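Architecture at a glance
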Amino acid sequence: MKKILVVDDEEKILDIYLRLLLPEGLIVRCAHNAQAATSILVRESIDLVVLDINMPHIDGHSLFEVIKQFNPHIKVIVSSAYPIEQQMKRVPSAEGYYDKAEGFAVLLERVQQALVHTPREV
Amino acid sequence: MSLIVLDHDNAHLLLQNSLRESESLFYALADATPVMMWIAGTDMMSTFFNKAWLNFRGQTLKEEIGHDWIEGLAPQDMARCWGIYMKAFASRQKFMMNFRLKGIDGVYRWVTASGAPRFTSDRKFLGFIGWCSDITESK
């Protein structure tokens, strides 16, 4: 089973993503900030991170760099209310981008696309 | 020669007292040393910083525990150092690294930091203990 970590400072978003991703047969972990996310990453094998960019204190861009330093094989989809062009400027080497205005069906599609190319089964 | 017989409750009490004493000795030693020290649990969250660390940072223990100390890392060192820290936790291996840490005056100073995993006698992982020294002058 693939394992996803969703990082977003908005509890409501975490709740929505959880309800969207769980029925897809995925194991979903949630973190409301960068620190909580790293605590999960060191203890569990995560295949994909859905990462909000705008978070207080340590933002998504910094966390992206930390994740890639820790394990460059963990895939990251950047998730933000900013248009994708702006997201790509801020985090140019993410495996995927999601504009929160695109709707959840699009997010699900991006997650499935990213996981297709993830070799490790947990 | 006299024989002392302890029942279960008394033996437990003695053990508890002995543990408390050794814990209090550890904290006294940690606070007396000029080396900056910290302890973190299995989730990487720091549970203790000694006086030398808190004096360097100008923070209280309450302000620094958890992951809050990470915000004291220089932004240009954060990803590299946090990555090393995470790898050490995941692999339960010792680590050593240099980075810039914000001091009480708001100025970043170079420190050299080492950490080692902690285990119980039956090899259960407990987290890490670490220490740092200011090496700014030698940079």
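Things to note about the overall build of chain A
- Regarding its fold elements, chain A presents five helices and five strands.
- Its helices and strands taken in sequence order, chain A reads β-α-β-α-β-α-β-α-β-α from the N to the C terminus.
- A globule of 122 residues ought to have a C-alpha radius of gyration of about 14 Å, and chain A, at 13 Å, matches this closely.
- Oriented by its inertia axes, the alpha-carbon framework of chain A measures out at about 30 × 30 × 25 Å.
- A separation threshold of at least 6 residues defines the contact pool for chain A, and within that pool the share at least 24 residues apart is 61%.
- Just so you have it, chain A exposes about 5,700 Å², and 55% of that area is on carbon and sulfur atoms.

Looking at the interface of chain B and chain A
- Facing the 16 residues of chain B at the interface are 15 residues of chain A.
- Together, the buried faces of chain B and chain A total about 1,300 Å²; carbon and sulfur atoms form 73% of this surface.
- By the criterion of area lost to chain A, the three top residues of chain B are B:Glu71, B:Trp82 and B:Met86, representing 37% of everything that side buries.
- In this structure, the connection of chain B to chain A is made through zero salt bridges.
- The interface formed by chain B and chain A contains four residue pairs in polar contact (both at pLDDT 80 or more).

Remarks on the pattern of salt bridges
- Taken as a whole and assessed by the stated rule, the structure comprises 13 salt bridges over all chains.
- Between B:Asp134 and B:Arg109 there is a salt bridge whose closest N-O contact spans 2.6 Å. You can see B:Asp134 sitting in strand 5 (residues 125-134) and its partner B:Arg109 sitting in strand 4 (residues 108-119), a full 25 residues away along the chain.
- Overlapping salt bridges, with partners in common, bring together A:Lys3, A:Arg29 and A:Glu44 in one network.

Comments concerning the packing of aromatic side chains
Residue and element names in this part refer to chain B.
- Throughout the structure, instances matching the rule amount to 16 aromatic pairs over all chains.
- Ring geometry for Phe26 against Tyr27: centres 5.3 Å apart, planes inclined by 65°, an arrangement best described as edge-to-face.
- Under the relative-accessibility criterion, Tyr27 is labelled partly exposed at 31%.
- The interplanar angle of 85° and the centroid separation of 5.9 Å between the aromatic rings of Tyr85 and Phe95 together place this pair among those described as edge-to-face.

Considering unusual backbone geometry
- One non-glycine residue, A:His57, adopts positive backbone phi at about 65°.
- The class of A:His57 is exposed, set by a relative accessible area of 67%.
- Even without being glycine, B:Met44 reaches a positive phi, approximately 75°.
- By the secondary structure assignment, B:Met44 is in the loop between strand 1 (36-40) and strand 2 (46-49).
- For B:Met44, a relative accessible area of 0% gives the class buried.

Re the environment of B:Leu6
Residues and elements named next belong to chain B.
- Tracing the backbone shows Leu6 in the segment before helix 1 (8-32).
- Residue Leu6 is classed as partly exposed on the basis of its relative accessible area, which comes to 44%.
- In the structure, Leu6 is positioned 123 residues away from Ile129 in sequence and 35 Å away in space, judged by C-alpha atoms.
- For Leu6, the contacting residues outside a window of four places in its chain are Ala11 and Leu14.

Details of the state of the cysteines
Residue and element names in this part refer to chain B.
- Under the definition given, this model contains zero disulfides over all chains.
- Looking at Cys132, it has no disulfide partner, and the nearest cysteine sulfur is the one in Cys81, 10 Å off.
- Look at Cys132 and you get buried, because its relative accessible area is 1%.

Cut-offs and rules
- Residues numbered from 1 in each chain as written.
- Chains lettered and ligands numbered in written order.
- Predicted model: local features only at pLDDT ≥ 70, side-chain atom pairs only at ≥ 80, totals over all residues.
- Heavy atoms only, no water.
- Helix = DSSP H or I, 4+ residues; strand = E, 2+ residues; numbered from the N terminus.
- Rg over C-alpha atoms; globule rule 2.2 N^0.38 Å.
- Contact = heavy atoms within 4.5 Å.
- Areas by Shrake-Rupley, 256 points an atom, 1.4 Å probe, with all protein chains shown as cover.
- Buried area = accessible area lost by both parts, 1.4 Å probe.
- Salt bridge = Lys/Arg side-chain N within 4 Å of Asp/Glu carboxyl O.
- Polar contact = N/O pair within 3.5 Å; in protein donor to acceptor, adjacent residues only side chain to side chain.
- Phe/Tyr/Trp six-rings, centres within 6.5 Å; stacked < 30°, edge-to-face > 60°.
- Buried < 20%, exposed > 50% of the residue type's maximum accessible area, 1.4 Å probe, protein only.
- Disulfide = S-S within 2.5 Å.

Read these as layout, nothing more, since geometry by itself doesn't imply function.
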